[in-house]
Amino acid sequence: MADNRPIGVFDSGVGGISVLRELRRALPHEHFVYFGDGANAPYGVKTTEEVIALSTKVADFLLAKGVKAIVIACNTATAASLHALQAYCPVPVIGIEPAVALANTLRKEGKVLAMATPGTIASARFAQILKEHGEHCIPMPCPGLMEFVERGEVEGDNIRRYFENLLRDVPRDEIDVAVLGCTHYPFVKNALSLHLPKECRFIDGSMKTLAQLKECLQENNGFCDDGSEGALELHSSAGETSIRHMQMLLELP
Ligand code: DGL
């Protein structure tokens, strides 16, 4: 038994590429269809209802492509719409969430800095994560940060000033682990690392998402076995420039 249909992956823009590249590395024979909803980004400052409506539209697009599972490669959309999409879609739906639990296990004596969109930080799911694992966690909403990645502005004076301002009141020397709780943030890790201690570790939720996807394919006898190298279709509501941007991000080491 096998299932040669593609896996759908989506985000509010190009950020989900940070998840897609891990999925493709680990599952090189799987076919993927990616949708970046750049025309409606950012999701992180929208209401839960707005994000559910947008995510459902994207899920419809992916379902029409005949996907066997959907990965929400967006922490904000997961927090707002995972349960709604799981109820709505006839295929398994997997999400991503800020890796605060993992960060807690990697922490030494210091603190965990959990960076995410305002929507994720304000969500019920994040409140639950903090309740369970957040004793040493500093939650840090980062309005405007995903836009740097969407613009391709991942270094330079503007982002340096952004981080200076964002982290002004944070006890930076105490940060052991920084949680990149938005799928755009791995692409600004280098710029961010200049503002945190050298030994600080940076983690995100993509490995947990990968583990959940593998488990789901395993349970459903759903791995692809057509013997080909995994194909990839990229789609964006923000047009060709955004697709070229995704291709560029996919090629980063
Ligand atoms: N990449 C998204 C996330 O992981 C959110 C960016 C946004 O649309 O605000 O949360």
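Everything here concerns the structure above.
Residues numbered from 1 in each chain as written. Predicted model: local features only at pLDDT ≥ 70, side-chain atom pairs only at ≥ 80, totals over all residues. Heavy atoms only, no water.

J.: Account for the overall build of the chain, with residues named and values stated.
T.: A count of helical and extended segments in the chain gives eleven helices and nine strands. In summary, the chain has a C-alpha radius of gyration of 18 Å against a globular reference of 18 Å for 253 residues, a match within 12%. Structurally, the chain occupies a C-alpha span of about 50 × 40 × 35 Å along its principal axes. Looking at the chain as a whole, 53% of its 253 residues are labelled buried. Of the contacts made within the chain by residues no fewer than 6 positions apart, 76% connect residues no fewer than 24 positions apart. Counting every atom, the chain has about 11,800 Å² of accessible surface; 51% of that belongs to carbon and sulfur. In the chain, 24 side chains carry a positive charge and 32 a negative one; their mean positions are 3 Å apart. (Helix = DSSP H or I, 4+ residues; strand = E, 2+ residues; numbered from the N terminus. Rg over C-alpha atoms; globule rule 2.2 N^0.38 Å. Buried < 20%, exposed > 50% of the residue type's maximum accessible area, 1.4 Å probe, protein only. Contact = heavy atoms within 4.5 Å. Areas by Shrake-Rupley, 256 points an atom, 1.4 Å probe, with all protein chains shown as cover. Lys, Arg positive; Asp, Glu negative; His and termini not counted. Charge placed at Lys NZ, Arg CZ, Asp CG, Glu CD.)

J.: An account of the site of the ligand is requested, with residue identities and associated values reported.
T.: As a matter of local geometry, the ligand sits amid 13 residues, with Ser 12, Tyr 43, Thr 76, Thr 183 and His 184 nearest to it. The contact in question runs from an oxygen atom of the ligand to an N or O atom on the backbone of Tyr 43, over 2.6 Å. Within the complex, 99% of the 300 Å² of free accessible area of the ligand lies under protein. Looking at side-chain class alone, the shell around the ligand contains five nonpolar, seven polar and one charged residues. (Near = heavy atom within 4 Å. Polar contact = N/O pair within 3.5 Å; in protein donor to acceptor, adjacent residues only side chain to side chain. Nonpolar A, V, L, I, M, F, W, Y, C, P; charged D, E, K, R; others polar.)

J.: Provide a residue-level description of the packing of aromatic side chains, including the pertinent values.
T.: Counting across every chain of the model gives three aromatic pairs. Between Phe 35 and Phe 61, the aromatic rings sit 4.9 Å apart at their centres with planes inclined by 50 degrees, giving tilted as the arrangement. Pair noted here: Phe 35 is in strand 2 (residues 32-36) and Phe 61 is in helix 2 (residues 48-64), with a separation of 26 residues, a long-range link. Judged by centre distance (5.7 Å) and plane angle (80 degrees), the rings of Tyr 162 and Phe 163 are edge-to-face. (Phe/Tyr/Trp six-rings, centres within 6.5 Å; stacked < 30°, edge-to-face > 60°.)

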